[in-house]
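Here is what each chain is made of, one letter per residue.
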Amino acid sequence: MIYPNNLGMFNIFGGKYLPELLQPLLNSLFKIYLKIIKKKKFKMEILKFFNIFIGRPTKIYYCKNISNMLKGAKIFLKREDLNFTGAHKINNAIGQTLLAKFLKKKRIICETGAGMHGVATSTSCSLFNLESIIYMGENDFQRQSINVKKIKLLGGKIFLISKGNLKEAMNEAIKDWCNNINKSYYLIGTASGPHPYPLIVRDFQSIIGYEIFQQINFKFYKKKYLIACVGGGSNCLGFFFPFLNTNFKLLAVESGGVSYKKTSSSIYFGSIGILHGNYSFILQDKYGNIKKTNSISAGLDYPGIGPEISFLFYKNKIFFIPVFNNEVLYIFKLFSKIEGIIPALETSHSLFLSFKLSKFLNYKDLILINMSGRGDKDL
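Reading the values: rules and limits
Residues numbered from 1 in each chain as written. Predicted model: local features only at pLDDT ≥ 70, side-chain atom pairs only at ≥ 80, totals over all residues. Heavy atoms only, no water. Buried < 20%, exposed > 50% of the residue type's maximum accessible area, 1.4 Å probe, protein only. Helix = DSSP H or I, 4+ residues; strand = E, 2+ residues; numbered from the N terminus. Contact = heavy atoms within 4.5 Å. 1 Å grid on protein atoms, 1.4 Å probe; cavity = no way out; pocket = protein on both sides within 12 Å on 5 of 7 lines; lining within 4 Å. Points joined across faces, edges and corners; volume = space filled by probe spheres on them. Nonpolar A, V, L, I, M, F, W, Y, C, P; charged D, E, K, R; others polar. Salt bridge = Lys/Arg side-chain N within 4 Å of Asp/Glu carboxyl O.

*Asks:* Is there a simple way to think about helix α13 (residues 307–314) in this case?
*Replies:* At 3.6 residues per turn, the α-helix brings residues three or four places apart onto the same side. Counting buried positions along α13 gives six out of eight residues, so the element sits mostly inside the fold. Residues of α13 that are buried include every one of P307, E308, I309, S310, F311 and L312, and no others. Buried residues belonging to α13 abut β1 (9–10), β2 (13–14), α9 (197–205), α11 (234–240), β12 (278–282) and β13 (319–324). One or two positions beyond α13, positive phi appears at N316, with a value near 60°.

Written out as structure tokens, the structure is:
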């Protein structure tokens, strides 16, 4: 396991750069989390809901049609889109909602971009009879209207941020948390934010990677690649984490947007700075102001990336590639027609890279993609 130091730093990345008011709460959360996560009762409880409510373990699916068409590597999917609520987000939402119950919190705050974390959080809160407050940018509210309706149906209260996206939603969620610190729990949806949230989210999402070892016999394959899209980094880190010390090639796909001037690619086109309480790669101008982002997918439309992923990139453990909006839309349509599965626009970034990579490989090689969500929300 990779744990940050006492300040929550992965080498130079991470930390908890938030108001002094929140520092004791973050310190306490970290200590309590380390105790609770070791308790047998908590482990049994979370595994029970993973199994009977979410529907884990999710399946590994061989894309026979696409693999035969490309005549390259064998392409497989880790079907997180088959989770209840339709994405990987529910893994973390169930885990943190149970953690909030142990902390005796009744009010849950979260931010959402594509709406999947909002749906997952409102679902978890309904399950455990808690109040859910969801902050969402106006731009995402309009392009993810299906998930907005789901959140409302599940009893979630949506607060709309004028002319905003995921970054602005996270800003407002943190403000709410500061103002309601005693009764509220902030359920961050991505492996970013202040320590210990990147660690907590990674731990709950790593079930994705650990399941794979029980599902595929890798000895039959010569070259092995794992591909995941990355915005803040929860599905990417949960997928990659158990494979960090293996001979797998780990490829993370960022949203290139339209161009390097209109992008959401924090690693490829960004630099190191502070955003939402942690020090990591972000999109900023020469004065440190956060740039506006551009991505066809709401879930990747974020100007930063988690501290642990930044550290792993820094150590050459994960390799990053940007994929652009026009490429994503092409694969979204093509994959749906040929394979009979409608992928989320986020996942379509990974699929595009798998198509390009497969041409340089053969049937003895394997590409495994984290199918992070289904595409009905993007129609």
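*Asks:* I'm lost on empty space enclosed by the protein in this one. Help?
*Replies:* Where empty space is left in the structure can be found by rolling a water-sized probe over the atoms. In this structure the tally under the stated criterion is two cavities of 30 Å³ or more. As a volume, the largest cavity reaches approximately 320 Å³. Considering the residues around the largest cavity, the lining is formed by 28 residues, among which H88, K89, A114, G299 and E346 are closest to the centre. Broken down by secondary-structure element, the contributors of at least two residues to the lining of the largest cavity are β5 (107–112), α5 (116–127) and α11. Among the elements that take part in the lining of the largest cavity, α11 stands out by supplying three residues, more than any other. For the lining of the largest cavity, the per-class residue count stands at nine nonpolar, 15 polar and four charged. In terms of lining, the second largest cavity is formed by P4, G8, F10, G14, G15, G193, P194, H195, P198, L199, N278 and P307. Per-class residue counts for the lining of the second largest cavity are six nonpolar, six polar and no charged.

*Asks:* Help me understand the pattern of salt bridges, please; the structure alone is not making it clear to me.
*Replies:* Here the idea is simple: oppositely charged side chains can pair when their charged atoms come close. Applying the stated rule across the entire model yields 16 salt bridges. With a shortest N-O distance of 3.8 Å, K48 and E45 are connected by a salt bridge. Placement of both K48 and E45 in helix α2 (residues 40–54) is noted, with a separation of three residues, approximately one turn of the helix. Overall, E45 belongs to the partly exposed group, its relative accessible area being 27%. The salt bridge partner of E211 is K78, with a shortest N-O separation of 2.7 Å. You can see E211 sitting in helix α10 (residues 207–212) and its partner K78 sitting in strand β4 (residues 74–78), a full 133 residues away along the chain. The structure contains a network of salt bridges with shared partners spanning R56, K78, E80 and E211.

By themselves these figures say nothing about function.
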